[in-house]
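Coordinates in review
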Amino acid sequence: MVLPHHTPYVTPQILHRNYAQAHDTEQFGTLIGKDLEYFSQAGFEMDKIHLKRNAPVAQLYEDAIRNEGAIISSSGALINFSGKKTGRSPKDKRIVYEETSKDNIWWGSVNIKMDEHTFEINRERAIDYLNTRENVYVFDGYAGNNMLIRPTPEQLADFGEPDFIIYNAGQFPANRFTKGMSSTTSVEINFKRMEMVILGTEYAGEMKKGVFSVMHYLQPVKFGQLSLHSSANVGIEKNDVTLFFGLSGTGKTTLSADPNRLLIGDDEHVWSDTGVFNIEGGCYAKCINLSAEKEPDIFNAIRYGSILENVVYNPASRVPDYDDVSITENTRCAYPIEAIPNAKIPCVVDQQPSNIIMLTCDAFGVLPPVAKLTPEQASYHFLAGYTSKTPGTEDGVLEPIPTFSTCYSAPFIVLHPGRYAEMLAERMAKHNVDCWLINTGWTGGKFGSGKRCPLKYTRRIVDAVHSGELAKAEFENFGTFGLSIPTSLEGVPRELLNPELAWPDKGAFKKEIRKLGVMFQRAFALYEKDVEPKVRLAGPQLD
C-alpha cells in the first residue's frame, strides 16, 4: 500500500525522470488569485510559460545542468558561463528622466538619461522574450537589512507585492537602433515605476550592481541614511566596526574576510543612525589565483549552493583552475554569506564604526601602503576616489588603468558626490572615526617594473589598525601628498612603508609621483567649487 505522502515504489530511472518533475509542475505550475493576476498584468502569458517562483537550490542546479550545460565542480559549486559579456558594461547603464527623481540625480556620463518611452519599449522587449522561454524564474528577496537574502517560507507567505522589480532578459539583445541605445546591451532603472530592465548581458554583476545603484538613491533620498560601496567587519572581542572603501580589485572582499573578526559583508552597506547593515545576502568574490593558503574563507565557501562564473575547470576531475584566465581575468564566485564561518548573521551591527579604510590600487607605485588621514584628507580622497581598474573588472580592461572614481563608487553613483561626502564627514565627526588610506597596488616601481604589494604585509597593516598599534606609531610626512606615514611597523619592511625608499631610481620616482599629483588636481577640479578651502588644500601640493 502506498500512502499519499510516500514516494511510490518505481525504478530509479522512472523516479528520476518523472517523479520530481511532476512535483515541480504541481508546485510551480499553478498560480491562482492575486498571483495570477499580478503576473498577467505585468505582461506574462501565463498559459504559455512555466513560471518557477523561489525554486530551491537543488532544482536550480538540475535546471542549469539540464538546460544550460552547467556542470558541478569537485567541491559541489555550480560552474556556468556568462557568454560574451564577462564584465560590467558601464557605458550602457541608463536612468529614466522623469519628474519624481530628475532633480536628485547627478546626470552625465555615469547616469545617462533615458526617456520614458524608450524604457517602455525595452521593458516590453524583455517581457516578450521571457514569454518565449519554457521556464521563467522569479526570486523574491528583501531590501534593507536583508537585501537579497532568501526569505523563509513563513516570510514568503506574507511577502505581498514587491516594491521593486527587475526584468532580466539575459543574453537577449536590446535593439541598437532604438532611440538612445549605443549597443545591444542595456541596463536601465526607472525610479517612478520602481523597475529595472536588463538586456544583452548574462554577467551576474550587472544585476548585483544595478540593485546597488537603486539603494544608492533610495537610502539617502528616502531614508536619510548613507549608502556605501564598502565591505565591513566587526571585532569579536571589542565589537569595533571597520568600513573598507574601494572599487573592484582593491581588496575589499579579501581584507574584510578576517578570522579574528565577524564579516558583516564584502561590498555594499548602509551606515545608518544606529550602526551598519549589509545590503546583500552574499558575496561575489574574484577568483583569480585563488588558493586555500591565501584566502581560506573564500576558498572553502565555494561549495554546494555557490556559483562559479567563467572559471575554467579540469574536464576529467571537475576541479576548478583559478590560475587559468583564458576566458577572463574577472572570474567570480557568488556564495551565500552563511558560507563564511565567521559571518555576522543577521548582517547588521548596532555599533558605529571606529575605523574607515580607504583602499586604492596604485598602478604608479608611488603611494604608501598606509597613511593616516586628517578629516580634510579623508573628504578629499573620498571625493577623488583614486584607484586603478584591474584587468577583467570591466569589458576591455586588459592592464591596470589609473582612474578617479568619486566616492569609490562612480559607476554606481546616482546623486551628486557632494551629498555622499557631506553625509560621510558628518558621521565621521560625530562618532570620532579614524581614517586610513591603504594602497594594495604596486611598490618599488610602477606597473610593469615594480611588484604588487604582498598580501601578507597589507594584512599586517590592517591588523595593526584594528589592534590600535598603528594609531600609536611614530609618523613622518610623505612629501607631495602631505600624508602621515608610520616610520616603522613590526613585520613590515621599512622600505615598503616609505615608497621612495623602495624605488631604485629616485628620479623616476619623483617623475611618477608628480605625474600622479597632476592627475589628482585635474580630477578634483570637478568638485573644487563645492568644497571648503581646507579640503581643496588636503590634496597633493606641486612646486
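Residues numbered from 1 in each chain as written. Predicted model: local features only at pLDDT ≥ 70, side-chain atom pairs only at ≥ 80, totals over all residues. Heavy atoms only, no water.

1. Some remarks on the side chain of serine 388
The residue serine 388 is located in strand β21 (residues 386-389) in this model. Within the local environment of serine 388, its side chain forms a polar contact with the backbone oxygen of cysteine 361, the two atoms lying 2.9 Å apart. In this structure the side chain of serine 388 is engaged in a polar contact, spanning 3.2 Å, whose partner is the backbone nitrogen of alanine 363. (Helix = DSSP H or I, 4+ residues; strand = E, 2+ residues; numbered from the N terminus. Polar contact = N/O pair within 3.5 Å; in protein donor to acceptor, adjacent residues only side chain to side chain.)

2. Points about the confidence of the model for the protein chain
Per-residue confidence for the protein chain gives a mean pLDDT of 89, with 90% of residues at or over 70. Contacts from residues 1-5, a stretch scored under 50 in pLDDT, to residues over four places away or in other chains number 1 contact. Counting interchain partners and residues more than four positions distant, the pLDDT-below-50 stretch residues 7-15 has 7 contacts. (pLDDT = per-residue confidence, 0-100. Contact = heavy atoms within 4.5 Å.)

3. Focus on helix α9 (residues 375-384)
Counting buried positions over the 10 residues of α9 gives 8, a clear majority of the element. Residues of α9 that are buried include every one of Gln377, Ala378, Ser379, Tyr380, His381, Phe382, Leu383 and Ala384, and no others. After α9 finishes, the residue glycine 385 shows a positive phi value of roughly 60 degrees. (Buried < 20%, exposed > 50% of the residue type's maximum accessible area, 1.4 Å probe, protein only.)

4. Looking at the sheet that holds strand β9 (residues 195-199)
A sheet is described by the order of its strands in space; here 5 strands give the open sequence β5-β4-β8-β9-β7, paired in mixed fashion. Sheet topology places β5 (112-114) and β7 (165-168) at the edges, where each strand pairs with a single neighbour. For this sheet the average axis-to-axis angle between neighbouring strands, irrespective of direction, equals 25 degrees. Where β7 meets β9, 4 bridges bridge the pair, whose relative direction is parallel. Across the sheet, asparagine 168 pairs through a bridge with isoleucine 198, a residue of β9. The strands that helix α4 (residues 116-130) touches are β4 (93-96), β5, β7, β8 (186-190) and β9; relative to β9, the one it contacts most, it runs at about 65 degrees. (Pairing = 2+ DSSP bridges. Axes fitted to C-alpha atoms, helices over the stretch in contact; angles between N-to-C directions.)

5. Brief notes about the nonpolar core
Formed by 83 residues in total, the largest nonpolar core has its most connected members in Trp271, Leu308, Tyr335, Ile356, Met358, Phe382 and Leu424. Beyond its immediate sequence surroundings of up to four residues, leucine 424 is in contact with Leu226, Phe245, Trp271, Ile356, Met358 and Phe382. In this structure, Ala126, Ala169, Ala174 and Leu199 belong to the second largest nonpolar core, which totals 22 residues. (Core = buried A, V, L, I, M, F, W, Y, C linked by side-chain atoms within 4.5 Å.)

6. Section: the packing of aromatic side chains
Going through the model one piece at a time under the given rule, you end up with 21 aromatic pairs. Plain terms: the ring middles of tyrosine 97 and tryptophan 107 are 5.3 Å apart, the flat faces sit at 55 degrees to each other, and that makes the pair tilted. Taken together, the positions of tyrosine 97 in the loop between β4 and β5 and tryptophan 107 in the loop between β4 and β5 put the pair 10 residues apart, joining distant regions of the chain. Accessibility expressed as a relative area gives 22% for tryptophan 107, which makes it partly exposed. When the ring of tyrosine 386 is compared with that of phenylalanine 404, the centres are 5.2 Å apart and the planes differ by 40 degrees; the resulting orientation is tilted. Taken together, the positions of tyrosine 386 in strand β21 and phenylalanine 404 in strand β22 (residues 401-404) put the pair 18 residues apart, joining distant regions of the chain. Judged by relative accessible area, phenylalanine 404 falls into the partly exposed class, the value being 21%. What links up through ring pairs into an aromatic cluster is the set Tyr380, Tyr386, Phe404, Phe481, Phe520, Phe524 and Tyr527. (Phe/Tyr/Trp six-rings, centres within 6.5 Å; stacked < 30°, edge-to-face > 60°.)

7. Quick notes on the environment of lysine 91
Tracing the backbone through its elements, the reader meets lysine 91 in the loop between β3 (78-80) and β4. In sequence terms lysine 91 and serine 186 are 95 residues apart; their C-alpha atoms lie 8.9 Å from each other. Not counting residues up to four positions away in its chain, the partners in contact with lysine 91 are Ile112 and Ser182.

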